[in-house]
Amino acid sequence: MNNSNEGRWLLLIHQLPPKPDYFRVKVWRRLQRLGAVAIKNSVYVLPKNDQTQEDFQWVLREILEGTGEASICEASFVDGLSDDQVEALFQSAREAEYRQIADEARRLAEIPMPDKQIEGSRRTQIEVAIDFFGAPGREAAVGLVSGAEARMHDKRSGKQVGNVGAARREDLQGKTWVTRKGIHVDRMASAWLIRRFIDSGARFKFVPPKGYKPLPDELRFDMFEAEFTHEGDRCTLEVLIQRTGINDPAVRPIAEIVHDIDLKDSKFGRQETPGIERLIAGIAMAHKDDETRLARGTAVFDDLYEYFKRKRG
């Protein structure tokens, strides 16, 4: 369905009867659950595929049965909105939801409220299902919710919370490391760490955020269901450091900076963090290509490592 002559998007254009109010709310909620975003009043968009077309068709049927009017169109944005701007609308919607889920998980982490924990897990699964473009905050939300649930389970069973097992660095060499496209601070820093401390010849592959099946000799990081990703309130870089046993004093402050930028919780509050955050944001704004982002990010973290190595605290 990716033929260049076909539209990349599906639009649902509707006109609802003014009454009853609950019907308008019902349709709006249904569209929210599908992950559709509004680009104008009564005009909603989804990326085009078989599933989203079927989803819109069900909404259309519901609208018609409620005496409203609706049409579904294939669309390509020629002027005005660009594809990147439409993707940004989806990412913004999902990022806000992930942030809310993460904040709730932090608040509930130490509270014996199992139903709330389960609901957090369900909400995260729903958001992942409708996260079409890999919005920021996904891994943080999943890690915080799963970490809270693990702590709750261990409290009930009387077990002490443990970490995922250690990984020998020699077993991680000669691999292709896979992560989702559009790398930002945690994926840049994790790739830098992999090449600097684990495997100098590591290869990287950047893939769509959904549906990728790893090949033999591939390891995924900082993506859904990856071998190395967020665990509890730790970002992927922190998980890599802990599981591979890297014990370098100059790496610790880098991990603290990356943590605060990625999880936005100000846990460490290092004075260098705001400047590095702006620098990484500038790299992402100026360069869409992931290999270029990786090269620029690697230079930043190489220099930052040298600074902390010489400064020593």
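Everything discussed here concerns the structure shown above.
Note that the structure is predicted; figures quoted are calculated from it, not measured. (Residues numbered from 1 in each chain as written. Predicted model: local features only at pLDDT ≥ 70, side-chain atom pairs only at ≥ 80, totals over all residues. Heavy atoms only, no water.)

A. Representation of the pairing of strand S3 (residues 43–47) within the structure. A large share of S3 lies buried, amounting to 5 of its 5 residues. Pairing geometry for strand S1 (residues 9–15) and S3, over 5 bridges, is antiparallel. Its bridge partner being in S3, Leu-12 is matched across the sheet by Tyr-44. As defined by bridge partners, strand S2 (residues 37–40) adjoins S3 across 3 bridges and the pair is classed as antiparallel. (Buried < 20%, exposed > 50% of the residue type's maximum accessible area, 1.4 Å probe, protein only. Helix = DSSP H or I, 4+ residues; strand = E, 2+ residues; numbered from the N terminus. Pairing = 2+ DSSP bridges.)

B. Structural view of the pattern of salt bridges. As enumerated under the stated definition, the model contains 29 salt bridges in all. Across the salt bridge formed by Glu-104 and Arg-123, the nearest N and O atoms sit 2.9 Å from each other. One end of the pair, Glu-104, is in helix H3 (residues 83–108); the other, Arg-123, is in helix H4 (residues 114–129), with 19 residues separating them in the sequence. In this structure, the salt-bridge partner of Arg-243 is Glu-231, at a minimum N-O distance of 3.7 Å. In this pair, Arg-243 is assigned in helix H7 (residues 236–244) and Glu-231 in the loop between strand S7 (218–220) and H7, connecting sequence segments 12 residues apart. Several salt bridges converge on common partners, so that one network encompasses Arg-252, Glu-256, Arg-270, Glu-272 and Lys-311. (Salt bridge = Lys/Arg side-chain N within 4 Å of Asp/Glu carboxyl O.)

C. View of the packing of helix H8 (residues 251–263) against helix H10 (residues 290–311). Direction vectors running N to C along H8 and H10 enclose 130 degrees, while the axes themselves pass 8 Å from each other. As judged from the angle between their axes, H8 and H10 are oblique. For the pair H8 and H10, the sense of crossing is right-handed. Contacts between H8 and H10 involve Val-251, Pro-253, Ile-254, Ile-257 and Val-258 from the former and Phe-301, Leu-304, Tyr-305 and Phe-308 from the latter. Taken together, the residues that form the contact of H8 with H10 break down as 9 nonpolar, no polar and no charged. (Axes fitted to C-alpha atoms, helices over the stretch in contact; angles between N-to-C directions. Parallel < 35°, antiparallel > 145°, perpendicular 65-115°, else oblique. Left-handed = near helix turned anticlockwise from the far one by under 90°. Contact = heavy atoms within 4.5 Å. Nonpolar A, V, L, I, M, F, W, Y, C, P; charged D, E, K, R; others polar.)

D. Expanded view of the sheet that holds S1. The antiparallel open sheet is built from 4 strands, whose spatial order is S2-S3-S1-S4. The open sheet is flanked by S2 and strand S4 (69–75), the only strands paired with a single partner. Taken pair by pair, the neighbouring strands of this sheet meet at an average axis angle of 30 degrees, ignoring direction. Lying over the sheet, H3 contacts S1, S2 and S3, oriented at roughly 135 degrees with respect to S2.

E. Fine view of helix H2 (residues 50–65). With 16 residues, H2 should cover 22 Å at 1.5 Å per step; its first-to-last C-alpha distance of 23 Å lies within 8% of that length. Every buried residue belonging to H2 is among Thr-52, Asp-55, Phe-56, Val-59, Leu-60, Glu-62 and Ile-63, and all of these are buried. Taken end-on, H2 shows its buried residues confined to a sector of 160 degrees, consistent with a single buried face. Opposite the buried face of H2, at more than 90 degrees from it, the exposed residues are Asp-50 and Glu-65. Contact partners of the buried residues in H2: S1, helix H1 (21–34), S3 and S4. Structurally, the start of H2 carries an N-cap: the backbone nitrogen of Gln-51 is 2.9 Å from a side-chain oxygen of Asn-49. Positive backbone phi, at 65 degrees, marks Thr-67, one or two positions downstream of H2. (Expected span 1.5 Å × (residues − 1). Arc of directions from axis to C-beta. Polar contact = N/O pair within 3.5 Å; in protein donor to acceptor, adjacent residues only side chain to side chain.)

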